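Listed below, chain by chain, are the residues.
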Amino acid sequence: MGLVSQLRASISTRFDIPSGILPREHHTKLPTGIRALDKLTSGGIARGTLTEIAGPVSSGRTAILFSLLAQATGQGECCAFIDATGSFDPLSAAQAGADLDRVLWINCAGKTEHALKATDLIIQAGGFGLVVLDLADTPDREAARIPLASWFRLRHAAERNSTALLLAETRINARSCSTVQIELHRKRPLWSGLLFRGLLAGAESRKHYQALTAEFEAVR
Amino acid sequence: MYACIHSPGNLPLLIECARGFSPYIEETSPDTVVFDVRGLESLHGPPPQLAREIERRVGLPANIAIAANPDAAIHAARGIRGITTIPKGREAEALAPLSLNLLGGSAETADLLDLWGIRSFGDFAKLPPLGVAARLGEEGLWLQRLARGEDHRQLRPLEDPLQFEESMDLDHPVELLEPLSFILARLLNEICRRLRARALSAGQIRLRLILENAPEHFTALEMPVPMLDEKAFLKMLQLDLSARPPAAPVLKVLLSAEPVKPRRTQQGLFVPATPEPEKLELTIARIKHFAGADKAGAAVLVDTNRPDSFVLRSFAPRPVSSQPKPSALFSAQQADPRLALRRYRPPRYAQVIVIHERPARITSPALSGSVVMAKGPWRTSGDWWQQEDWNRDEWDIEVAAGGLYRLFQELNSRRWFIEGSYD
C-alpha cells in the first residue's frame with residue numbers, strides 16, 4: 001500500500017490529471033421479489049446498471065424476469081420487455097403479478113438486431129424503470145456475435161437514464177459491461193402425484209470476489 | 001340593437017345571412033335566428049335601412065324585425081309580416097296587437113290567461129304586476145316583461161364547429177418523401193398554431209393524399225394521449241409514409257387534426273418518473289417502423305380459456321397514485337416466483353411416440369429425445385359452435401436433455417405440437 005501511495009503522489013505532482021479509484025456510484029436497487037436472489041444480490045438489481053441472468057432452458061430465468069416486472073410495476077414504474085424471439089406469454093406475466101398496463105412489449109420475432117435497436121431507443125426515451133432484453137431463446141452463436149461495443153452503449157444509456165437493464169440469455173455475453181452476472185442452473189423438477197408443481201433452480205453470482213450461491217423454487 | 005329573421009325551413013341560409021352582419025348569432029329555433037347589430041348604423045344606415053339590407057341579402061320571403069332587446073325582436077319577427085323596426089322604449093306599443101300564443105310559457109299559465117280572456121300581448125301588459133305575481137308567480141312576471149318588451153337578456157351565441165384542416169394543391173406532382181415532408185411541416189405548423197390559439201391539443205392526425213391516376217392514400221395517427229408537438233407529428237407521418245408509401249405521385253395534400261382538450265396531469269414528487277408521452281409515442285413509432293406495426297404495445301388479456309388469447313393495444317400507462325399498493329408488494333415479496341411459460345409462436349409441430357397412452361419419445365426440429373416424465377392429459381376445449389374451435393389434450397413433460405415443456409395433441413387432427421417451455 002505504501003508503494004501505491006508513493007506512486008500516486010508522484011504522478012499527481014507531475015501530471016495535472018485526476019487519479020485514484022473512482023468511487024462506485026450508489027445505485028438504488030429494485031428487489032427481485034425472490035428472497036434467495038435478493039440475498040444473493042444484496043437487495044436486488046441496481047438501477048443504472050446492466051444485469052445478466054444466464055441459464056439453460058427451464059432454469060427459472062423467465063420466472064425471475066416476471067417477478068421483477070411484478071415488483072417494478074407494483075411500484076408504479078413503467079417497464080419494457082424486448083422480446084427477441086416472440087416468446088413472451090402475457091398470461092404468465094399477469095399470473096406472476098405484473099401489471100400488463102405498465103409493460104411495453106416489443107416482439108422482435110427472432111430478429112436480434114431489431115431487439116438491440118429497440119432496447120437502445122427505449123432506454124434513450126427515458127422514464128422506464130426496468131428494461132428487459134430477453135435473448136433467452138436466441139441461438140448462442142447469434143447472441144455471441146453481438147459486439148461488446150453494443151453492450152457498452154446500452155450500459156452507458158442505462159446509466160444516464162437510471163434504468164435497470166436486465167438481460168436474459170443462455171450464456172453470459174456482455175462480459176465486462178455487466179455489473180452483476182447471475183448464472184442459473186436447473187436442479188430438479190418438482191412433481192407431485194399427477195401434477196407438475198414447479199422446479200428447483202440454483203443461482204450463482206459470478207461477479208463477486210467469492211462465489212455466492214442460492215436456491216429458489218418456481219411454482220405453478 | 002338586435003335583428004331577428006324568421007323564415008320557416010331555411011335555417012342554414014338564415015345563419016349564413018346573419019354571419020354577414022355579426023359574429024354573435026343565436027339560433028333561437030329551427031326557423032328563427034337573432035343577432036347583434038349594434039354599431040352597424042355607420043355602415044348600413046338607420047334601422048329601417050339595415051332591415052332592408054338584411055331582407056335583400058336573405059333573398060327569400062322572411063319576416064325581419066329590429067328591436068332594442070332580443071326577445072322583442074323575436075316576437076315582432078314571429079308575429080308581424082315583413083319588416084318591423086321598433087324604436088327603443090316603444091316595444092310594448094309595437095308588440096301589443098300580437099297574439100298571446102307567441103309568448104310561450106307553461107301550458108297551465110296559457111290556459112289560465114285564456115280563461116281570464118287575455119288574448120294579446122297588450123291585454124297581458126296592462127294587468128297590474130302585483131296581481132300577476134300573486135296569481136301566476138315568478139313565471140307570470142317574466143312573461144309580462146316579455147309581453148311589454150322589457151326583458152333584457154344576453155344572446156346565446158352559436159359556436160362554430162371546430163375544424164382544423166389544411167390542404168395544399170400542388171402545381172407539380174410530388175414523388176419523393178422529402179419535398180412532401182416540407183409541405184406536411186408547413187400544414188402541421190399552421191394546424192398546431194390554430195390549436196394552440198384555442199388551448200387545444202390533437203387526439204388524431206389524419207392525412208389524405210390525392211394521387212395521380214390512383215386511389216387516394218389515407219393515414220390516421222391515433223394519439224394515446226392529447227399531444228401538440230408539430231415535430232413529433234411530422235416524424236410520425238414521415239415514418240408512416242416511408243413504411244407505407246403512396247402508390248403514385250401526390251397531387252394534393254389534406255391534413256386535419258381532431259381537437260381534444262389538452263392533458264393536465266400533476267406528477268407527484270414521490271411517484272416514479274414515467275416516459276414523456278410525446279417522446280414515447282415517437283419512440284414506439286420508430287420501433288414499429290422496423291419491427292412491424294403490430295409488434296409493440298401493451299398486452300391485454302381476453303376473457304376466454306382459449307390458449308394464448310390477448311390483444312395488443314397502444315401503450316399508455318395510466319397515472320399512478322402517490323403511494324404504491326403495499327398489499328401487492330407484500331404478497332409479491334413473500335410468495336415463491338411463479339413458473340412462466342415461454343411460448344413458441346406458432347406452436348411447433350412434433351412427432352410423438354406414445355407408449356401406454358403416454359408420450360415416450362418426441363421428435364421435432366426444436367426438440368428431440370426421450371420423455372422421462374409426462375403428466376397429463378389435461379383436456380381443454382371450447383368455441384365448438386364456431387369455425388375456430390379448440391379441443392386438445394395437454395401434457396407437461398420432461399425430456400432426457402433436461403428441459404420441461406408443454407406438449408399438446410389436437411384431438412380433431414390427432415397432431416402433436418410443442419406449445420412452449422417452462423422456465
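All values derive from a computational prediction rather than experimental measurement.

Enquirer: Talk me through the sheet that holds strand E6 (residues 128-134) of chain A; I want residue IDs and the actual numbers.
Expert: Strand order in the open sheet formed by 10 strands is E10(A)-E9(A)-E8(A)-E3(A)-E7(A)-E6(A)-E4(A)-E5(A)-E10(B)-E11(B), with mixed pairing between adjacent strands. Only two strands of the sheet have a single neighbouring strand rather than two, namely strand E10 (212-219) of chain A together with strand E11 (310-313) of chain B. Neighbour to neighbour, the strand axes of the sheet diverge by 25° on average, direction disregarded. Looking at chain direction, strand E5 (residues 103-107) of chain A and strand E10 (residues 296-301) of chain B are connected through 2 bridges and run antiparallel.

Enquirer: Can you lay out the state of the cysteines for me, pointing to particular residues and giving the numbers?
Expert: Residues and elements named next belong to chain A. For the structure on display, the rule yields 0 disulfides over all chains. With no disulfide of its own, cysteine 79 lies closest to cysteine 78 among cysteine sulfurs, the gap being 7.2 Å. Accessibility expressed as a relative area gives 0% for cysteine 79, which makes it buried.

Enquirer: Kindly report on the side chain of A:Asn107, identifying the contributing residues and their values.
Expert: Tracing the backbone shows A:Asn107 in strand E5. When its relative accessible area of 12% is taken as the criterion, A:Asn107 is described as buried. A polar atom in the side chain of A:Asn107 sits 2.9 Å from the backbone nitrogen of A:Ala109. Setting aside residues up to four positions removed in sequence, A:Asn107 forms contacts with A:Asp83, A:Thr85, A:Gly86, B:Ala291 and B:Lys295.

Enquirer: Pulling in residues and values, what's your account of the packing of helix H5 (residues 112-125) of chain A against helix H11 (residues 277-291) of chain B?
Expert: Between H5(A) and H11(B), the least distance of the axes is 10 Å, while the angle of their chain directions is 175°. The pairing of H5(A) with H11(B) is recorded here as roughly antiparallel in orientation. Residue-level inspection shows A:His114, A:Lys117, A:Ala118, A:Leu121, A:Ile122, A:Gln124 and A:Ala125 of H5(A) in contact with H11(B), the latter providing B:Lys279, B:Thr283, B:Arg286, B:Ile287, B:Phe290 and B:Ala291. Tallied by class, the residues present in the contact of H5(A) with H11(B) amount to 7 nonpolar, 3 polar and 3 charged.

Enquirer: Residue-level account of the pairing of strand E3 (residues 32-36) of chain B, with values.
Expert: Residues and elements named next belong to chain B. Most of E3 is tucked away: 5 of the 5 residues are buried. Of the two faces of E3, both are covered, the one formed by Thr32, Val34 and Asp36 as well as the one formed by Val33 and Phe35. The pairing of strand E1 (residues 2-6) with E3 spans 5 bridges and is classified as antiparallel. Across the sheet, isoleucine 5 pairs through a bridge with valine 33, a residue of E3. With 4 bridges connecting them, strand E2 (residues 25-29) and E3 associate as antiparallel partners. Looking across to E3, one finds that serine 29 is bridged to threonine 32.

Enquirer: How would you sum up the sheet that holds strand E7 (residues 201-211) of chain B? Please name residues and give values.
Expert: All names here are of chain B. The antiparallel open sheet is built from 4 strands, whose spatial order is E6-E9-E7-E8. Both edges of this open sheet fall to strand E6 (164-174) and strand E8 (217-227), since each of them pairs with a single strand only. Across the sheet, the mean angle from the axis of one strand to that of its neighbour is 15°, orientation sign disregarded.

Enquirer: Residue-level account of the pattern of salt bridges, with values.
Expert: For the structure on display, the rule yields 38 salt bridges over all chains. Notably, a salt bridge pairs B:Arg343 with B:Asp308, separated by 3.5 Å at the nearest N-O pair. Taken together, the residues B:Arg343 in strand E12 (residues 341-355) and B:Asp308 in the loop between E10 and E11 connect sequence positions 35 residues apart. Since its relative accessible area comes to 6%, B:Arg343 is described here as buried. Each member of the salt-bridge network shares a partner with another, and the members are A:Asp89, B:Asp308, B:Arg343, B:Arg345, B:Arg392, B:Glu394, B:Arg406 and B:Glu419.

Enquirer: Explain the side chain of B:Ser181 to me, using residue names and the numbers behind them.
Expert: Residue and element names in this part refer to chain B. Considering the arrangement of structural elements, one finds serine 181 in helix H9 (residues 177-197). Overall, serine 181 belongs to the buried group, its relative accessible area being 9%. With sequence-adjacent residues up to four places away left out, serine 181 is seen in contact with Leu234 and Gln238.

Enquirer: Summarise the domain arrangement of chain B; cite the residues concerned and give the values.
Expert: By domain assignment, chain B separates into domain 1 (2-147), domain 2 (164-260) and domain 3 (341-422). Placing a centre on the C-alpha atoms of domain 1 of chain B and another on those of domain 2 of chain B gives a separation of 47 Å.

Enquirer: Pulling in residues and values, what's your account of the nonpolar core?
Expert: Residues A:Phe66, A:Leu69, A:Phe81 and A:Leu130 are the most contacted members of the largest nonpolar core, which totals 43 residues. In terms of residue count, the dominant contributor to this core is helix H3 (residues 61-74) of chain A (7 residues). For A:Phe66, the residues in contact, after removing those within four places along its chain, are A:Phe81, A:Phe88, A:Asp89, A:Ser92, A:Ala93, A:Ala96 and B:Ala340. Grouped together as the second largest cluster of nonpolar side chains are 35 residues, B:Met168, B:Leu187, B:Leu211 and B:Met223 included.

Enquirer: With reference to specific residues and values, describe the pairing of E5(A).
Expert: All names here are of chain A. Across the 5 residues of E5, 5 count as buried, placing the element largely inside the fold. Covered by surrounding structure in E5 are Val103, Trp105 and Asn107 together with Leu104 and Ile106, the residues of both alternating faces. Inspection of the sheet shows strand E4 (residues 78-83) paired to E5 by 5 bridges, in the parallel sense. Residue pairing across strands places aspartate 83 opposite asparagine 107, the latter belonging to E5. What joins E4 to E5 is helix H4 (residues 90-95), and the crossover it makes is right-handed.

Analysis parameters
Residues numbered from 1 in each chain as written. Chains lettered and ligands numbered in written order. Predicted model: local features only at pLDDT ≥ 70, side-chain atom pairs only at ≥ 80, totals over all residues. Heavy atoms only, no water. Pairing = 2+ DSSP bridges. Helix = DSSP H or I, 4+ residues; strand = E, 2+ residues; numbered from the N terminus. Axes fitted to C-alpha atoms, helices over the stretch in contact; angles between N-to-C directions. Disulfide = S-S within 2.5 Å. Buried < 20%, exposed > 50% of the residue type's maximum accessible area, 1.4 Å probe, protein only. Polar contact = N/O pair within 3.5 Å; in protein donor to acceptor, adjacent residues only side chain to side chain. Contact = heavy atoms within 4.5 Å. Parallel < 35°, antiparallel > 145°, perpendicular 65-115°, else oblique. Nonpolar A, V, L, I, M, F, W, Y, C, P; charged D, E, K, R; others polar. Salt bridge = Lys/Arg side-chain N within 4 Å of Asp/Glu carboxyl O. Domains from an automatic or database assignment. Core = buried A, V, L, I, M, F, W, Y, C linked by side-chain atoms within 4.5 Å. Right-handed = clockwise from strand over helix to strand, strands pointing away.

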